[in-house]
Amino acid sequence: AQSVTQLGSHVSVSEGALVLLRCNYSSSVPPYLFWYVQYPNQGLQLLLKYTSAATLVKGINGFEAEFKKSETSFHLTKPSAHMSDAAEYFCAVKGRGNTPLVFGKGTRLSVIA
Amino acid sequence: GAVVSQHPSRVICKSGTSVKIECRSLDFQATTMFWYRQFPKQSLMLMATSNEGSKATYEQGVEKDKFLINHASLTLSTLTVTSAHPEDSSFYICSAGEPSGGYNEQFFGPGTRLTVL
């Protein structure tokens, strides 16, 4: 069974500051890991994914995440926050094969001017 | 990348009516599709797994007689919310895995927002 824990339901940063959204996973098999962003009243947009290649994954809009097996973590970072980054962010885990994703509870990112 | 569509994107219905939501894989065949539900300000929760040519499997707590799933072809799964009530108002999203990619990710539809009055 897989699960994801996102630490912090709400994170607030100043514009231009570092964004760090935390995600820890639990999986009995080597996982696939994902970060999605959801803007109000919209669907999911894939930011990046880890599928057992490079442990440092670069995504869209300047986001990146590092898979750390020893810490069972997959934290999302962005060096400099923009106002347009304000949204809900979901970390998700998936096992091998044609299986569904298991989502964390989400972290709402606010960006202060 | 693989594309999944959903129709309608938004639906408003009266309490007691039934609503059908379609999920289509546009450029690949999907023997399995997954249906998720997202209540306001909450995360996505898996509702059921739709299997082409066989019965769907439902997660614990999801009423199979209320949420009817039909996966009649390799590119289409439908979710019918029967006798909808206001508590069924939610965002419904489907996903499918693409076989040539080794199923290493799921491709999500844009979602259907259901409002039951």
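Rules used in this analysis
Residues numbered from 1 in each chain as written. Chains lettered and ligands numbered in written order. Predicted model: local features only at pLDDT ≥ 70, side-chain atom pairs only at ≥ 80, totals over all residues. Heavy atoms only, no water. Buried < 20%, exposed > 50% of the residue type's maximum accessible area, 1.4 Å probe, protein only. Helix = DSSP H or I, 4+ residues; strand = E, 2+ residues; numbered from the N terminus. Pairing = 2+ DSSP bridges. Axes fitted to C-alpha atoms, helices over the stretch in contact; angles between N-to-C directions. Disulfide = S-S within 2.5 Å. Phe/Tyr/Trp six-rings, centres within 6.5 Å; stacked < 30°, edge-to-face > 60°.

## A few points about the pairing of strand S5 (residues 44–51) of chain B
Residue and element names in this part refer to chain B. The element S5 is extensively covered by neighbouring structure, given that seven of its eight residues are classed as buried. Where strand S4 (residues 32–38) meets S5, seven bridges bridge the pair, whose relative direction is antiparallel. If you follow Gln38 over to S5, its bridge partner there is Leu44. In sequence, S4 turns back onto S5 through a hairpin of five residues, with Lys41 there showing a positive phi of about 60°. Where S5 folds back on strand S6 (residues 57–58), the antiparallel hairpin that results is connected by five residues, among which Gly53 adopts a positive phi of roughly 80°.

## Description of the sheet that holds strand S7 (residues 67–73) of chain B
Residue and element names in this part refer to chain B. Spatially, S1-S3-S8-S7 is the arrangement adopted by the four strands of the open sheet, whose pairing is antiparallel. In this open sheet, the two strands that pair with only one neighbour each are strand S1 (4–7) and S7. Across the sheet, the mean angle from the axis of one strand to that of its neighbour is 15°, orientation sign disregarded. Two strands pair when backbone bridges link them, and S7 and strand S8 (residues 76–81) are joined in this way by five bridges, in the antiparallel orientation.

## Things to note about the state of the cysteines
Scanning all chains against the criterion turns up two disulfides over all chains. Two residues, Cys23(A) and Cys91(A), share a disulfide whose sulfurs are 2.0 Å apart. Between Cys23(A) and Cys91(A), the S-S dihedral sits near -65°, and the bridge is therefore left-handed. Of the two residues, Cys23(A) is situated in strand S3 (residues 19–26) and Cys91(A) in strand S9 (residues 87–94); the sequence distance between them amounts to 68 residues. Taking the relative accessible area as the measure of exposure, Cys91(A) reaches 0% and is therefore buried. In this structure Cys13(B) is a free cysteine whose sulfur lies 19 Å from that of Cys94(B), the closest cysteine sulfur available. Under the relative-accessibility criterion, Cys13(B) is labelled buried at 9%.

## Structural notes on the packing of aromatic side chains
Following the criterion strictly, the structure yields 13 aromatic pairs over all chains and no others. Taking the centre distance of 5.4 Å and the plane angle of 45° together, the rings of Tyr36(B) and Phe108(B) count as tilted. In this pair, Tyr36(B) sits in strand S4 while Phe108(B) sits in strand S10 (residues 106–108), placing the two residues 72 residues apart along the sequence. For Tyr36(B), a relative accessible area of 0% corresponds to the buried category. The exposure class assigned to Phe108(B) is buried, which follows from its relative accessible area of 14%. Counting every residue linked through ring pairs, the aromatic cluster contains Phe34(A), Tyr36(A), Phe90(A), Phe103(A), Tyr36(B) and Phe108(B).

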